[in-house]
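Examination of the molecular architecture
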Amino acid sequence: MRPDPGPDTSVAIPEPGAAVLPAYVLRVPTGPYRALNPLTKFVIAIASAVVAFGVRGWTGPLSILVVTAAIALIAGVSRSLRRFVLATIPIVASILLVNAFLYPGATDVLFRVGPFAATGTGVTVALQAVLRVIAFALSVAVFSLTTATDDFLADLERRGTGRRLTFVIGSAIRTIPTMGSRAIEIVEAQRARGLDTEGSIRRRLRGIVPLAGPMVFGSLGEVEERTIALEARAFSAPVRRTAMRALPDSSTQRALRWVVGLGSLVLVAVSVAGRFPLP
Amino acid sequence: MSVATGTLRLSGATYRYAGARHDALTGVDLELAAGSVLGVVGPNEAGKSTLCLVAAGLAPVVVGGRLTGSVTIDGRETVGMRPHELAQRCGILFQDPQAQLSGTASTVFEELAFGPCNLGLPLGDVIDRVEASLATLGIAALADRDPARLSGGQAQLVALAAILALRPDFLVLDEPTSQLDPQGTRLVGEALRDLARESRTAILVVEHKTSLLDQLADRVVVIDHGRIVRAGPSAEVLGDPALVELGVEPPPRVRVRAALAGAGLRTPDEADQLLAEPAR
Amino acid sequence: MIAIEVRRVGFTYPGGVRALDGVDLSVGPGETLGIIGQNGSGKSTLVRHLDGLLRPTEGQILLDGSVVGRRHVAELAGLVGIAFQDPNRQIFAGRVRTEVAFGPRNLGLRGAELDRRVTEALDMVGLAGTDEENPYDLGYSRRKLLSIASVLAMRTPIVVLDEPTTGQDLRGVARVRSVVAAIAAEGRTVIAISHDMRFVAETFRRVVVMRAGKIVLDGTPAQVFAEANWPALAETYLEPPLAARVGARLGVGSTPTEASLVQALTGRA
């Protein structure tokens, strides 16, 4: 019985009534800030971080805090920012304590707590440092809350980053939860053979090889399997990958990126040269 | 579902992995024609997985190593093809569902689109192929789910659908149900049965579960130490209790009959239906 | 040789998933027990309670009459050895011998006694003579047997095998069966989790079926796979072995294995 030859599927022929991507794939970003091109948002985040740390004095970090808060409001992510702020508490607390009480060479004592003296200089430095850390954390937070990783990577790929690199970054990000569950399985298997993870430090250190070994070798083994599986899905086809979501860019945004990027560098240069006019 | 064409043929295929001391496959002759299902059984380390890689052309093209003899699809040697060309002619499915997902898709839809997007197909085509694959395997309800959070059986179906989205004429499956629980095995088994019946895609499936092959395969080959030691219609090959000597577990219906025969008992008529060859 | 008692054990994962719900189970010393059920039924969660990897949210686990409580896993590992499903998530050594020695070494063994244990364990799983090989040079089947050997070498009174026959060929399954028999012959307790109905029916004297965190059936293979229980099995998408179905069709009682079917029919003839 001779089989039916069927349609030639080697040439992409647009079929009638071609469908539309479902909403959960399209994931159209809502709001003026989210709708910006990922690279624009990325440049803004980097520039904010640079200014927050690079410009001496109060103005740098304070202005970034104001800008970031404004962006958060526009993008509607202000409530989610709370999580990130909470995450900075340990660092903030240690910065405050160390600098306020232990700033070397400061003599302008403000108040005493037991044997420790808080100096004015120390407190000033501490507060500024805290502001920088929070400003940095918030600009990173706003970026990650308003930009889907997929979109960012797809945009990079479109700009010519290359399939493999974007794939590696993307899968590394996604692999983190899987690595977690793999690690748990390994720990359980070794503990079930008597590896002590609850005893003394020395006993716990002995666990490094039995825990790290399978992690590494298992991951390497999976790399080989995954490489084969990827090739079987035409990963290395020498053509431009179809982009499922259009990420609009414009000359306005491009100009904005240049202005913001260069502007931040100029501000830092001026500050470093000691000519920054504001406190 | 598009109708497939052509024949996948191995002639005197001998393959050795890079740096290996022995051949993994020796003189394998095999033919897989459109619309047929070929089962492959054999003890572990007999070369079943290697056979899958060689049949799909991934060995030597992706994996390296040395192939003598020929592996052809419609007369064209697979060694001369590039990986992405092979991917469109012959799809392959492995045991571990999660290891073969791309790991970069947030939804099943995007996972299925991964292959067609890699080929740079127009968006309309990509969508059509994804929807066709979802429909063929009956998993449209999973389209918006996170692939990393599926059960083993569901993940395996998604991986299979992802391969079908490339519209291969041939499908090679290396122990597709080995890591699945009984429900997952049933899910995948039924999907394969429907696929074989409706799409006329040629399927080569390696399995330890001979009961599955009993229902699925037209022909079965037994492979041992890299060579094909038995080949024939599935009922004949699987129906032989001597399969045990070759390191393969016959399907339950064969074992039960053999146990009764071994004790000198006649198989009662009432049991015939349970012990009959399955309708294929 | 020690007994296990699971008393009204419930377990809820931190994320809120209720994995065990009111589980009662008593396993006497030297029993062989097969646990079956779909993924997510609580089988793996239950056995992880036996060596303290998980601690019950409600209820108690008793080993040899004393509550497990908060005793360290490293200590309990000397009583309950668990060989998990994926050998690749356990094997770390470059030599088979080193891998097998890991467990007993953790229990404090050294020198000649340690060597003896390792050799015995390798013999038991049919890997004698592979001492100097790299575990990753062994095929998957043999690597699985290696992971079992590394637990056998600990000579624990209770041995738990998680899916020992997955991915195994005929000889591998036969080997696992003989390992279970050998351990049981020494009076030690063996518990196995498996998807393979036939393996469980033929290898274990007792079968427990789990569903949604509860034990739904508990008895000998003949009892569990009897026709009266088929609806309960169907509810959890499990099928009794073919021998059982044939025996029921022929009206010769519950015959979960080919041997029992033959015996029943010979008796009838």
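Residues numbered from 1 in each chain as written. Chains lettered and ligands numbered in written order. Predicted model: local features only at pLDDT ≥ 70, side-chain atom pairs only at ≥ 80, totals over all residues.

All names here are of chain B. Read across the sheet, four strands follow the order 2-1-4-5 without closing on themselves; strand pairing throughout is antiparallel. The sheet is open, and its two borders are formed by strand 2 (25–33) and strand 5 (76–77), each paired with just one other strand. As paired elements, strand 1 (residues 7–16) and strand 2 share six bridges and run antiparallel to each other. Of the residues in strand 2, the one forming a bridge with Leu 8 is Leu 32. The strands that helix 1 (residues 48–55) touches are strand 1, strand 2 and strand 4 (66–73); relative to strand 1, the one it contacts most, it runs at about 125°. (Pairing = 2+ DSSP bridges. Helix = DSSP H or I, 4+ residues; strand = E, 2+ residues; numbered from the N terminus. Contact = placed C-beta atoms within 7 Å. Axes fitted to C-alpha atoms, helices over the stretch in contact; angles between N-to-C directions.)

Spatial ordering of the open sheet is given by 2-1-4-5 (chain C), a layout of four strands whose pairing is antiparallel. Every interior strand has two partners, whereas the edge strands, strand 2 (18–27) and strand 5 (66–67) of chain C, have only one.

In an α-helix, one full turn covers 3.6 residues, which means residues spaced three or four apart are oriented alike. Burial runs high along helix 1 of chain B: eight of the eight residues are buried. Immediately downstream of helix 1 of chain B, the backbone of Gly 57 of chain B shows phi near 80°, a positive value. (Buried ≥ 20, exposed ≤ 12 C-beta atoms within 10 Å, placed from the backbone.)

Residues and elements named next belong to chain C. The end-to-end C-alpha distance of helix 5 (residues 140–152), which contains 13 residues, comes to 18 Å, matching closely the 18 Å that a straight helix rising 1.5 Å per residue would cover. Across the 13 residues of helix 5, twelve count as buried, placing the element largely inside the fold. All of the buried residues in helix 5 are Ser 141, Arg 142, Arg 143, Lys 144, Leu 145, Leu 146, Ser 147, Ile 148, Ala 149, Ser 150, Val 151 and Leu 152. Contact partners of the buried residues in helix 5: strand 6 (80–83), helix 3 (96–106), helix 4 (111–124), strand 7 (158–162) and helix 6 (170–185). (Expected span 1.5 Å × (residues − 1).)

Below, the discussion takes up the packing of helix 4 (residues 78–87) of chain A against helix 6 (residues 120–146) of chain A. All names here are of chain A. Close contact between helix 4 and helix 6 brings their axes to 9 Å; oriented N to C, the two are set at 135°. Taken together, the axis directions place helix 4 and helix 6 in an arrangement best described as oblique. As helix 4 runs across helix 6, the sense of the crossing is right-handed. In this structure, helix 4 uses Ser 80, Leu 81, Phe 84 and Val 85 to contact helix 6, whose residues at the interface are Ile 134, Ala 137, Leu 138, Ala 141 and Leu 145. Among the residues making up the contact of helix 4 with helix 6, the classes are represented as eight nonpolar, one polar and no charged. (Parallel < 35°, antiparallel > 145°, perpendicular 65-115°, else oblique. Left-handed = near helix turned anticlockwise from the far one by under 90°. Nonpolar A, V, L, I, M, F, W, Y, C, P; charged D, E, K, R; others polar.)

A few words now on the confidence of the model for chain A. One rule of thumb: low pLDDT means the predicted coordinates there are not for detailed reading. All names here are of chain A. Residues with a pLDDT of 70 or more make up 91% of chain A, whose mean pLDDT is 81. Here helix 9 (residues 201–205) is the element of chain A with the lowest mean pLDDT, 76, and helix 11 (residues 251–272) is the one with the highest, 92. Across residues 1–15 the pLDDT falls below 50, and counting only partners more than four positions away or on other chains, this stretch makes 21 contacts in the model. (pLDDT = per-residue confidence, 0-100.)

Right, let's get into the environment of Leu 62 of chain C. Relative to the helices and strands, Leu 62 of chain C is located in strand 4 (residues 58–63). Through-space distance from the C-alpha of Leu 62 of chain C to that of Val 6 of chain C is 6.5 Å; in sequence the pair is 56 residues apart.

All right, on to the interface of chain C and chain A then. Quite often, the size of an interface is put as the accessible area lost when its parts meet. Chain C puts 23 residues into the contact, and the matching count from chain A is 20 residues. Of all the elements in the fold, those that place two or more residues in the side of chain C that touches chain A are helix 2 (73–76), strand 6, helix 3 and helix 5 of chain C. Considering every element that reaches the side of chain C that touches chain A, the biggest residue donor is helix 3 of chain C, with three residues. Broken down by class, the residue content of the side of chain C that touches chain A amounts to twelve nonpolar, eight polar and three charged.

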